[in-house]
Amino acid sequence: MHPMTERRLVRWILFSVPFLCALQWLVVRKIGEPYPAVMAPGFAGDAKPLLAIKTPTLVINKADGSTRETSAYDLFLDLPQSQNVTLVDRGLTWTRTLPPDAAEWTWQRVLTIEPAATGAVVRWTRETPLTKEPAAWLGELTIR
Amino acid sequence: MAGRINDQIDHWLFEEYRVDQADLSLYRKLYAVLAVALYFPHALWTAGIPAHFWNTPPSLTSLLDGPPPMWVLLILNALFLWFCFALYKGEDVPGASIGVGVTLLLLNNVYYSFGKIDHDILFPLTAICLAFSGWDGRSQQRPWCLAFLALIIGIAMFTAAWPKFAGGWLSLDSHAVQSTAQRYMVRPHRVIGTELAVEYTPTWLWEVHDWAAVLLEAGVIVAAYRLRWLRAILLVAMLFHMGVLITFGIAFAVNVVVYAAFFPLSRLWKPALACLPIAVVMSLTLCNWYGYRGFLWHTIVMLGGVMALGYLVRLTATTVRRR
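So, how was this worked out
Residues numbered from 1 in each chain as written. Chains lettered and ligands numbered in written order. Predicted model: local features only at pLDDT ≥ 70, side-chain atom pairs only at ≥ 80, totals over all residues. Heavy atoms only, no water. Helix = DSSP H or I, 4+ residues; strand = E, 2+ residues; numbered from the N terminus. Rg over C-alpha atoms; globule rule 2.2 N^0.38 Å. Buried < 20%, exposed > 50% of the residue type's maximum accessible area, 1.4 Å probe, protein only. Contact = heavy atoms within 4.5 Å. Pairing = 2+ DSSP bridges. Axes fitted to C-alpha atoms, helices over the stretch in contact; angles between N-to-C directions. Parallel < 35°, antiparallel > 145°, perpendicular 65-115°, else oblique. Left-handed = near helix turned anticlockwise from the far one by under 90°. Nonpolar A, V, L, I, M, F, W, Y, C, P; charged D, E, K, R; others polar. Phe/Tyr/Trp six-rings, centres within 6.5 Å; stacked < 30°, edge-to-face > 60°. pLDDT = per-residue confidence, 0-100.

### Things to note about the overall build of chain B
Check the secondary structure of chain B and you find 13 helices and zero strands. Going residue by residue from the N terminus, the α and β elements of chain B occur as α-α-α-α-α-α-α-α-α-α-α-α-α. In summary, chain B has a C-alpha radius of gyration of 21 Å against a globular reference of 20 Å for 323 residues, a match within 12%. Once the C-alpha set of chain B is aligned to its principal axes, its extents read approximately 55 × 55 × 45 Å. Looking at the 323 residues of chain B, the share that counts as buried comes to 52%. Considering only residue pairs separated by 6 or more positions, chain B has 74% of its internal contacts joining residues 24 or more positions apart.

Here it is as structure tokens:
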């Protein structure tokens, strides 16, 4: 490429950057963060104090009639840390039902935690770390 | 006036980021090695996840009903490895650079299609940005490639600074970093660093952290105007990443690798070797607390932080001695 042509092209690329940034901002605002996007985590909401959190507990029923409770996040400990929390928070929330293939897949993971399991649910409660009120029950998702 | 602005723009694009090409070439090899070490194999775990968990961002994977089959991921990983190898050897560097960037973006797209995006976009974009920079060590150097990378880093950091500013991080009534630490205290993967920080950090220091985070992230795009300024702020950023790793267990190792593109690596390898044992010991300590899966990531962040600290201490000592 001729040097002057290259310089002109590079200048045009530079001048297009503000428009591309505006386009990205528009997409994020209207649809959601796309991938790829030139972005870094904002943590905007963290300026407000933490009032409440939703806690998932995996309740496993065993053959002898007893139950065992553990964090639902233990189901995906072998998966990348950044994603296993999301899998629980979005995939095992009480507002959804598990289709048969997802239920069977999750059940197999329950069995790796507790081989003597006969049933399992993910129980969601609302906790308030700052005021330490009693946990409020939100709902349950049945795995088996 | 317009002429002066044009001259400034041309200087920034075509002269400001002119560096020693040997350093760029060294960085290419380092980048290729770390790309494999940090990412390969990548996203293979997604193949077995049921479609129920599929939750894509606006992206190519939105066209899919669920994770791609394993053979697709294996092919992408094989291509990624091949391009990294070609990049290291210096064969068809522009093509290999773009190949590394694009395969990594595709694999990351799958990886981040379950509801959460990890913000490591700078790493694949570095390879694409520097494709024609002359980092093969033979062809004509194009400083504008490094200038654009600096601009991209500045934009990315600014997208983190603006929500903080708009969300009230600079208000004296809010202590956002403290609030973040409290959130991390109740997360499933909380770390001892968070507990110590919450226990012992005074209120005024939390507020200093709030301001420092916003000013640092907003300042990168301004500092990108001069290579010297950018290097200075990136040194501070490396200290910041080290602090975030210790306090929250989050290792922005890819950012440290990207920042290294702007430093004279041929002059830094001896200090790096000197700092490496310290970084390894610190990393092992963290791994003992947080688990050993992130040893390489922790070590990279610690190495960047220790080198930055060492340089700033030396600079301070030299300045004081001169006075």
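### Here we look at the pairing of strand E3 (residues 117-127) of chain A
Residues and elements named next belong to chain A. Note: strand E1 (residues 53-62) against E3, ten bridges, orientation antiparallel. Its bridge partner being in E3, valine 59 is matched across the sheet by valine 121. The pairing of E3 with strand E4 (residues 136-142) spans six bridges and is antiparallel. In the sheet register, arginine 126 faces E4, and the bridge partner there is alanine 136.

### Some details on the packing of helix H3 (residues 70-89) of chain B against helix H4 (residues 93-111) of chain B
Each pair of packed helices gets described by two things: the angle between the helix axes and the distance between those axes. Residue and element names in this part refer to chain B. Contact geometry of H3 with H4 gives a least axis separation of 8 Å together with a crossing angle of 150 degrees. Between H3 and H4, the crossing angle belongs to the class labelled roughly antiparallel. Judged by the sense of rotation from one axis to the other, the crossing of H3 with H4 is left-handed. Residues Leu73, Leu76, Asn77, Leu79, Phe80, Phe83, Cys84, Ala86 and Leu87 of H3 form the contact with H4, whose own contacting residues are Val93, Gly95, Ala96, Ser97, Gly99, Val100, Thr103, Leu104, Leu106, Leu107 and Val110. When the residues that make up the contact of H3 with H4 are grouped by side-chain class, the tally is 15 nonpolar, five polar and no charged.

### So, the packing of aromatic side chains
The tally for this structure, following the rule as stated, stands at 22 aromatic pairs over all chains. Seen in terms of ring centroids, tryptophan 45 of chain B and phenylalanine 114 of chain B are 5.3 Å apart; in terms of plane orientation they differ by 35 degrees. Their pairing is tilted. Of this pair, tryptophan 45 of chain B sits in the loop between helix H2 (21-39) and H3 while phenylalanine 114 of chain B sits in the loop between H4 and helix H5 (122-129), placing them 69 residues apart in sequence. The exposure classification of tryptophan 45 of chain B matches that of phenylalanine 114 of chain B, with both residues buried. Taken together, Tyr35 of chain A together with Trp45, Trp54, Tyr111, Tyr112 and Phe114 of chain B form an aromatic cluster joined through their ring pairs.

### Description of the environment of serine 16 of chain A
All names here are of chain A. Positionally, serine 16 belongs in helix H1 (residues 3-30). Taking relative accessible area as the criterion, serine 16 reaches 26% and is therefore assigned partly exposed. Measuring from C-alpha to C-alpha, the distance between serine 16 and alanine 117 comes to 59 Å, with 101 residues separating the pair along the chain.

### Brief notes about the confidence of the model for chain A
When pLDDT is averaged across chain A, the result is 90; 93% of the residues are at 70 or more. Per-element confidence in chain A is highest for helix H3 (residues 100-113) of chain A, whose mean pLDDT is 96, and lowest for helix H2 (residues 81-91) of chain A, whose mean pLDDT is 90.

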